[in-house]
Amino acid sequence: MLQWPDFPVVSRLAPTPSGFLHLGNAINFTLTWLLTRRAGGVLHLRIDDLDRARFRPAYLENIFRTLEWLGLDYDHGPAGPEDFERYFSQQHLLSAYEAVLQAAKQAHPGVFYACRCSRTDLARLARPDGCYPGTCRHYSLPLATPQTAWRALVPPATTVHFPDLLQGPVTSHLDTALGDFVVRKKDGAAAYQVASVVDDVRLGVTLVVRGQDLLPSTAAQLWLAQYLPGQEAFRSTRFLHHGLVLDESGQKLSKSTQAGGQRGIVEEAGSPQVVYGAVARLLGLAPAVGQSLAGLLAELHPGA
Ligand SMILES: [Zn+2]
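What you see is a predicted model; the values in this text were computed from it and never measured. (Residues numbered from 1 in each chain as written. Predicted model: local features only at pLDDT ≥ 70, side-chain atom pairs only at ≥ 80, totals over all residues. Heavy atoms only, no water.)

Participant: How should I be thinking about helix α7 (residues 192-203) in this particular structure?
Facilitator: Within an α-helix, residues lying three or four positions from one another point in the same direction, as the helix has 3.6 residues per turn. With 12 residues, α7 should reach 16 Å at 1.5 Å per residue; the first-to-last C-alpha distance of 16 Å fits that figure. Of all the positions in α7, only Gln193, Val194, Ala195, Ser196, Val197, Val198, Asp199 and Asp200 are classed as buried. Tucked inside the fold, the buried residues of α7 contact β1 (10-13), α4 (94-107), β7 (182-184), β8 (207-211) and α8 (215-225). One or two residues past the end of α7 sits Gly204, with phi positive at roughly 70°. (Helix = DSSP H or I, 4+ residues; strand = E, 2+ residues; numbered from the N terminus. Expected span 1.5 Å × (residues − 1). Buried < 20%, exposed > 50% of the residue type's maximum accessible area, 1.4 Å probe, protein only. Contact = heavy atoms within 4.5 Å.)

Participant: Looking at this structure, how should I read the domain arrangement of the protein chain?
Facilitator: It is common to give the size of an interface as the accessible area that goes away when the parts come together. Partitioning the protein chain into structural domains gives domain 1 (10-92 + 196-299) and domain 2 (95-162 + 174-194). Taking only C-alpha atoms into account, the centre of domain 1 sits 27 Å from that of domain 2. At the junction of the two partners, domain 1 supplies 26 residues and domain 2 supplies 26 residues. At the boundary of domain 1 with domain 2, total buried surface from both sides reaches about 2100 Å², with 73% on carbon and sulfur atoms. Run the count over domain 1 and domain 2 and you get 0 salt bridges. Between the two partners, domain 1 and domain 2, sit 8 residue pairs in polar contact (both at pLDDT 80 or more). Mapped onto the side of domain 1 that touches domain 2, the elements with two or more residues apiece are α7, α8 and β9 (238-242). If one sorts the elements of the side of domain 1 that touches domain 2 by residue count, α8 sits on top with 10 residues. The residue makeup of the side of domain 1 that touches domain 2, split by class, is 15 nonpolar, 8 polar and 3 charged. (Domains from an automatic or database assignment. Buried area = accessible area lost by both parts, 1.4 Å probe. Salt bridge = Lys/Arg side-chain N within 4 Å of Asp/Glu carboxyl O. Polar contact = N/O pair within 3.5 Å; in protein donor to acceptor, adjacent residues only side chain to side chain. Nonpolar A, V, L, I, M, F, W, Y, C, P; charged D, E, K, R; others polar.)

Participant: Can you walk me through the environment of Thr36 in this structure?
Facilitator: Here Thr36 shows up in helix α1 (residues 23-38). Residue classification places Thr36 among the buried residues on the basis of a relative accessible area of 0%. Along the sequence, Thr36 and Leu70 sit 34 residues apart, while their C-alpha atoms lie 15 Å from each other. Look past the residues within four positions of Thr36 in its chain and what remains in contact with it is Val9, Ser11, Gly41, Val42 and Leu43.

Structure, rendered in structure tokens:
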């Protein structure tokens, strides 16, 4: 049962320009937009281009195209690809992320350790749950060692509890869900978990809406934020994790449909109604024929 936000909502759409956006992304954006607009909140567009290796200009353009196709507006963020590159790219924020990492290292010695494992090592060492087994914990390499990643040392039996607006109370066992996750990559750039926390705090985000597949990331970020100086506000962020993408009969959509093939949802779907219908089902509403965005918002009147 969905618990409507009863706090001032500041949220964000946070796509990554590393592929064409698929149905799952479109559903997430529409749901985030609806929750924010219903609450009279503020919506940011925050494009996560930390990983420039997988970046393509066509993927960046596809983000703006998808939002326009869905009819979703936002209050702050880049107006288009050029504006994004010039003023909003995470590449402009790398020194800010680094400053937070250095401050955390000073304030909490031992919370990070250097890992020199190669990709091959990581594949070979991975535990049955897929997590890194903490091999380099025991080598005590200086964090300044070149060509080493920094990992967070997640103690055994670390659990993270938080209330979820859709799932209710959630408990995540971080040590088995993600293990010793990377906070700084071998090239010296902050990793996703750090950048995401710092960006959300910088934007004053109070509500994060994400797919259930990102639950381990939420747990990692909530745990990590207590060690990141200046980022304590993240600990009071509220979350909504939405589950499976369902078709009209309540079945999980096939992987190919969900992934949107190679071309993305805008090219694959005839109209955004397939997205609005899926969001209606996620919210427990009966999807109307020719479901519109305005119709969805109208159904979500306060007190509904
Ligand atoms: Zn290692």
